[in-house]
Amino acid sequence: MRLLRWAAPITAPMCLIGVVGGAQDPGGRGAQRGAGQPSGPAMVLTSTAFPDGGQIPAKYTQAGDQISPALAWTNAPANTASFVLHMHDLEVARNRTSEDQLHWLVWNIPASATGLPEGVPRGADLPDGSHQTSASGPVYRGPGAPASGPMHHYTFEIFAIDTKLDVAASTDAFETRTNVMKAMQGHILGKAVYMGLFHRPQ
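As the structure is a prediction and not an experimental result, all values here were calculated from the model. (Residues numbered from 1 in each chain as written. Predicted model: local features only at pLDDT ≥ 70, side-chain atom pairs only at ≥ 80, totals over all residues. Heavy atoms only, no water.)

(A) Examining the overall build of the chain more closely. The secondary structure content of the chain amounts to 2 helices and 8 strands. Helices and strands in the chain line up, N terminus first, as α-β-β-β-β-β-β-β-α-β. When each of the 202 residues of the chain is scored for burial, the buried share is 40%. Of all intrachain contacts in the chain linking residues separated by at least 6 positions in sequence, the fraction that spans at least 24 positions is 73%. For the chain, the accessible area works out to roughly 10700 Å², and carbon and sulfur atoms hold 57% of it. (Helix = DSSP H or I, 4+ residues; strand = E, 2+ residues; numbered from the N terminus. Buried < 20%, exposed > 50% of the residue type's maximum accessible area, 1.4 Å probe, protein only. Contact = heavy atoms within 4.5 Å. Areas by Shrake-Rupley, 256 points an atom, 1.4 Å probe, with all protein chains shown as cover.)

This is the structure in structure tokens:
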């Protein structure tokens with residue numbers, strides 16, 4: 001009985017340290033590789049359009065020209081076959097569900113890509129073989145949070161995956177997102193995140 005009483009205080013902190021340590025990200029916004037993945041630097045997503053965690057200029061929003069910002073990523077894992085970019089508004093509860101607003105989904109970005117240029121053109125099928133959709137159609141949807149509320153968090157996520165996705169765009173962008181996210185499961189090699197804030201000018 002004495003051994004059991006002394007073992008509990010020692011074991012619990014050790015487990016806690018393991019969980020916290022595994023969640024830490026020494027590279028900032030770059031996501032750590034999963035268990036069993038080769039060691040290496042975490043992926044990093046950056047943009048010259050605005051600082052990570054900063055306000056998104058009107059140029060890239062529904063209050064301005066609504067063009068997509070330039071994005072760049074580094075440290076893609078070995079064996080990456082394609083990338084998926086997902087931009088969404090965390091504050092929106094769409095149709096009173098847990099589903100948030102879809103601002104941009106680009107999948108089957110070539111493995112050779114290291115970013116997306118500013119002003120990606122409209123169209124479901126892009127010249128590099130990737131596909132795009134959003135709640136506004138086959139185009140980047142800029143941030144558009146109302147001026148009367150708080151800043152919304154617009155999150156850009158880049159996923160490196162070990163395959164190309166056999167997913168066709170549906171007439172419903174949210175159904176397409178569900179299908180893409182489902183097809184990605186078990187194939188994600190790395191991930192990085194970048195975030196910007198916005199609401200319309202008063």
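(B) Spotlight on the side chain of Ser-82. For Ser-82, the location among the structural elements is in strand β3 (residues 82–89). What makes Ser-82 buried here is its relative accessible area of 0%. A polar contact is formed between the side chain of Ser-82 and the backbone oxygen of Thr-163, at a distance of 2.6 Å. The contacts of Ser-82, once residues within four sequence positions are left out, are Asn-108, Ile-109, Pro-110, Ala-111, Phe-159, Ala-160, Ile-161, Thr-163 and Lys-164. (Polar contact = N/O pair within 3.5 Å; in protein donor to acceptor, adjacent residues only side chain to side chain.)

(C) Region of the structure containing the pairing of strand β2 (residues 71–74). Burial along β2 is one-sided: the face carrying Leu-71 and Trp-73 is buried and the face carrying Ala-72 and Thr-74 is not. Pairing geometry for β2 and strand β5 (residues 115–116), over 2 bridges, is antiparallel. By the bridge assignment, Ala-72 is partnered in β5 with Gly-115. (Pairing = 2+ DSSP bridges.)

(D) Structural context of the side chain of Thr-176. Mapped onto the fold, Thr-176 is located in helix α2 (residues 173–184). Under the relative-accessibility criterion, Thr-176 is labelled buried at 0%.

(E) Spatial organisation of the pairing of strand β7 (residues 152–161). Across the 10 residues that make up β7, a large majority, 9, are buried. Two elements, β3 and β7, share 8 bridges in a ladder whose sense is antiparallel. Residue pairing across strands places His-86 opposite Glu-157, the latter belonging to β7. The pairing of β7 with strand β8 (residues 188–198) spans 10 bridges and is antiparallel. Bridge pairing links Phe-156 to Tyr-194 in β8.

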